[in-house]
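# A structural walkthrough
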Amino acid sequence: MSVLVVVECADGEVKKSSLEVASYGAQVAAQLGTTATAIAVGEANEANLAKLGEQGIAKVLYDAEPRLKDFVNNAYTKLIATAAEQEQAKVIVLANSNIGAAVGSRLSVRLKASLATNVVELPKTDGGQFVVKRGAFSGKAFSDVVLSGDRKIIAVKKNSTEAQHEAGKTAEVASFSAQLSDADFADAPKQVVMQDQAGGVLLPEAERVVSGGRGMKGPENWNLIEDLAKALGAATACSKPVSDVDWRPHHEHVGQTGITVSPNLYIACGISGAIQHLAGVNSSKVIVVINKDPEAPFFKAADYGIVGDVFDVLPKLTAAVKALN
Ligand code: FAD
């Protein structure tokens, strides 16, 4: 019996959200008196996988099948399910990411497991129950959910728990094969096209985001957003009305009907902070709001607020960041 952690990798690196998930899984394993095994998905590098020992993972399974480099729903589901059966995993922990959302529900059916998404805390296991706290209504409310049955799947919301880190500990990396066939790759994408992202930083994975709203007045002023983003190594984003009027491309629009981001730093420039916008950004670790209206709703969600005109504040902020670099 073990806890199985799904670790997403890209370009050989373990994604930051998966380090959190690995640490979460190791802590659940300790609660249950067992060990945590990880299954790597995506393009992984064995040396980086071994470093998952620092998050408390004992063993990492890795299937080097080249077609697993990019996300394929059926193949990933079978890979994880096969690992769960082999390891007799009672709890499977994954990130509440696009991949986690797609695979979690399929695994739940395949493994007859109960599933909780958007989980924000470690489970409570007293009294024989297994209770997880999950966010609901765009983070406005929380519910305690009892997971029943022999197998449980937990999708952990990014930035909701601190990743533990014990330097120098290594995990055993073991090769693994789920005996995947061509049929398992029937739903593979024909081609993966990367969006052209300002500054070259992909928005969904970005650790820092500089975002502009209608307060930026027009596309001709976006150099102010881009200059700050460049100085910070950040991705750029925008509110929905901004992309609706084509000031910015649609793939930069964040919120309820756009992309969800969970960076360490989200800087909102001339954005009012409507609930639909907050739904896509409220799991950011630190939110900085720049708005000339001191009553703008976004200030209530901000860690730091600057009441001021973006055309005055942004050049000064960019210069200050550049001076630090
Ligand atoms: P505004 O509301 O016009 O706010 C502009 C802000 O800029 C104001 O607070 C103003 O004080 C400030 N400002 C103006 N000039 C300056 C200046 N010079 N310096 C500093 N500050 C200045 N919106 C999203 O963003 N994402 C979504 O996914 C989304 N989904 C939606 C789904 C539905 C079903 C609906 C009904 C709406 C949705 N919206 C979404 C729209 C949302 O309700 C808001 O209308 C939108 O977020 C407002 O965008 P904004 O803040 O850029 O513009």
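Since the structure is predicted, the reported quantities are computational estimates derived from the model, not experimental observations.

Attention now goes to the UniProt feature "domain: Electron transfer flavoprotein alpha/beta-subunit N-terminal" (unreviewed entry) in the protein. According to UniProt, the feature "domain: Electron transfer flavoprotein alpha/beta-subunit N-terminal" (unreviewed entry) maps to residues 3–192 in the numbering used here. The distance separating the terminal C-alpha atoms of residues 3–192 is 32 Å; by composition the span is 26% helix and 31% strand.

Another aspect to go through is helix 5 (residues 222–232). Buried within helix 5 are the following residues: Trp222, Leu224, Ile225, Leu228, Ala229, Ala231 and Leu232. Glycine 233, located one to two residues past helix 5, shows a positive phi value of around 65°.

Among the surface-exposed residues, Asp11, Glu13, Glu43 and Asp70 lie close enough to one another that they form a single negatively charged patch. Positionally, glutamate 43 belongs in strand 2 (residues 36–44). Taking the relative accessible area as the measure of exposure, glutamate 43 reaches 32% and is therefore partly exposed.

This brings us to the site of the ligand. For the ligand, the set of nearby residues contains 26 residues, the closest of which are Arg214, Lys217, Ser239, Ser272 and Asn291. In the environment of the ligand, an oxygen atom lies 2.8 Å from a nitrogen or oxygen atom belonging to the backbone of arginine 214. Bound to the protein, the ligand loses 75% of the 980 Å² it would expose on its own. For the shell around the ligand, the elements supplying multiple residues, two or more each, are helix 6 (240–244), helix 7 (275–278) and helix 9 (310–324). Within the shell around the ligand, the residues separate by chemical class into six nonpolar, 14 polar and six charged.

Attention now goes to the sheet that holds strand 12 (residues 265–269). Strand order in this open sheet of five strands is 11-10-12-13-14, and the pairing throughout is parallel. Of all the strands in the sheet, the pair left with one neighbour each is strand 11 (235–238) and strand 14 (304–307). Each neighbouring strand pair of the sheet contributes to a mean axis angle of 15°, computed without reference to strand direction. For strand 12 and strand 13 (residues 286–291), the ladder comprises five bridges, and the chain directions are parallel.

This next bit is on the environment of proline 241. Tracing the backbone through its elements, the reader meets proline 241 in helix 6. Proline 241 sits 67 residues away from glycine 308 along the chain, and the two C-alpha atoms are 21 Å apart.

Moving on, we get to a nonpolar patch on the surface. Taken together, the side chains of Val192, Met194 and Leu202 define a hydrophobic patch exposed on the protein surface, amounting to about 270 Å² of accessible area. Assignment of secondary structure puts leucine 202 in the loop between strand 9 (172–175) and strand 10 (208–212).

All right, on to helix 1 (residues 16–32) then. Over its 17 residues, helix 1 extends 25 Å from the first C-alpha to the last, a length consistent with the 24 Å expected when each residue adds 1.5 Å. For helix 1, the set of buried residues is Ser17, Ser18, Glu20, Val21, Ala22, Ser23, Tyr24, Gly25, Ala26, Val28 and Ala29. As for helix 1, its buried residues are in contact with strand 1 (2–14), strand 2, strand 4 (89–95), strand 5 (114–119) and strand 8 (152–156). Immediately beyond the C-terminal end of helix 1, within one or two residues, lies glycine 33, with a positive phi of roughly 70°.

Our focus in this paragraph is the packing of aromatic side chains. Enumeration over the complete set of coordinates arrives at two aromatic pairs. On the basis of an interplanar angle of 85° and a centroid distance of 5.1 Å, the ring pair of phenylalanine 71 and tyrosine 76 is categorised as edge-to-face. Residue tyrosine 76 is classed as buried on the basis of its relative accessible area, which comes to 2%. In this arrangement the basic side chain of lysine 152 is found over the ring face of phenylalanine 130, its NZ or CZ atom lying 5.5 Å from the centre.

Even without being glycine, glutamine 88 reaches a positive phi, approximately 50°. Here glutamine 88 is to be found in the loop between helix 3 (73–86) and strand 4. A positive phi angle, near 50°, is found at glutamine 179, a position not held by glycine. Inspection of the secondary structure assignment puts glutamine 179 in the loop between strand 9 and strand 10. Judged by relative accessible area, glutamine 179 falls into the exposed class, the value being 64%.

So, on to the side chain of serine 239. Tracing the sequence through the fold places serine 239 in the loop between strand 11 and helix 6. The exposure class assigned to serine 239 is buried, which follows from its relative accessible area of 8%. Each residue touching serine 239, except ones within four places of it in the same chain, is listed here: Gly212, Gly213, Arg214, His253, Ile271 and His277.

A complete count under the given rule lists 14 salt bridges for this structure. A salt bridge links arginine 151 to glutamate 85; its shortest N-O distance comes to 3.4 Å. Separated by 66 residues along the polypeptide, arginine 151 in the loop between strand 7 (141–146) and strand 8 and glutamate 85 in helix 3 bring together distant segments of the chain. What makes arginine 151 buried here is its relative accessible area of 15%. Given the relative accessible area of 46%, glutamate 85 is considered partly exposed. A salt bridge links glutamate 162 to lysine 285; the shortest N-O distance between them is 3.5 Å. Of the two residues, glutamate 162 is situated in the loop between strand 8 and strand 9 and lysine 285 in the loop between helix 7 and strand 13; the sequence distance between them amounts to 123 residues. Given a relative accessible area of 57%, glutamate 162 falls into the exposed group. Among the ionic contacts, a cluster of salt bridges with common partners joins Glu8, Lys15 and Glu205.

Definitions and limits used
- Counting from 1, residues in each chain are numbered in the order their sequence is written.
- Under the rules for a predicted model, residues below a pLDDT of 70 receive no local features and side-chain atom pairs below 80 are neither given nor counted, while totals for whole chains, interfaces and linings still include all residues.
- As a rule here, side-chain values cover all heavy atoms of the structure and leave hydrogens and water aside.
- UniProt positions are given in the numbering used here, feature names are shortened, and annotations may be inferred rather than shown by experiment.
- The helix and strand labels rest on DSSP assignments: H or I over at least four residues marks a helix, E over at least two residues marks a strand, and numbering proceeds from the N terminus.
- Three exposure classes are used, based on accessible area relative to the maximum for each residue type with a 1.4 Å probe and protein chains only: buried under 20%, partly exposed in between, and exposed over 50%.
- What makes a patch is a set of residues exposed beyond 30% relative accessible area and free of salt bridges, joined within 9 Å when like-charged and within 5 Å when nonpolar (Val, Leu, Ile, Met, Phe, Trp, Tyr).
- All accessible areas in this document rest on Shrake-Rupley with a 1.4 Å probe, and a residue is counted as covered only by the protein chains that are shown.
- Throughout this description, the term salt bridge denotes a Lys or Arg side-chain nitrogen within 4 Å of a carboxyl oxygen of Asp or Glu.
- Two residue types count as positive, namely Lys and Arg, and two as negative, namely Asp and Glu; His and chain ends fall outside the count.
- To locate a charge, take atom NZ for lysine, CZ for arginine, CG for aspartate or CD for glutamate.
- Throughout, the term near means that a residue has one or more heavy atoms lying within 4 Å of the molecule or strand in question.
- N or O atoms closer than or at 3.5 Å make up a polar contact, with two conditions inside protein: a donor-capable atom paired with an acceptor-capable one, and, for residues adjacent in sequence, both atoms drawn from side chains.
- Amino acid classes used here: Ala, Val, Leu, Ile, Met, Phe, Trp, Tyr, Cys and Pro are nonpolar; Asp, Glu, Lys and Arg are charged; the rest, including Gly, are polar.
- Pairing between strands is defined by DSSP: at least two bridges between them are needed.
- Comment: axis = line fitted to C-alpha atoms, over the contacting stretch for helices; angle = value between 0 and 180 degrees taken between N-to-C directions.
- In this scheme, a helix's expected span is set at 1.5 Å multiplied by one less than its residue total.
- Pairs of residues are marked as contacts when any of their non-hydrogen atoms sit within 4.5 Å.
- Working definition: a ring pair exists when centres of Phe, Tyr or Trp rings (six-membered ring for Trp) sit within 6.5 Å. Plane angles under 30 degrees give stacked, over 60 give edge-to-face, the rest tilted.
- Whether a charge sits over a ring comes down to the Lys NZ or Arg CZ being within 6 Å of the ring centre and within 35 degrees of the ring normal.

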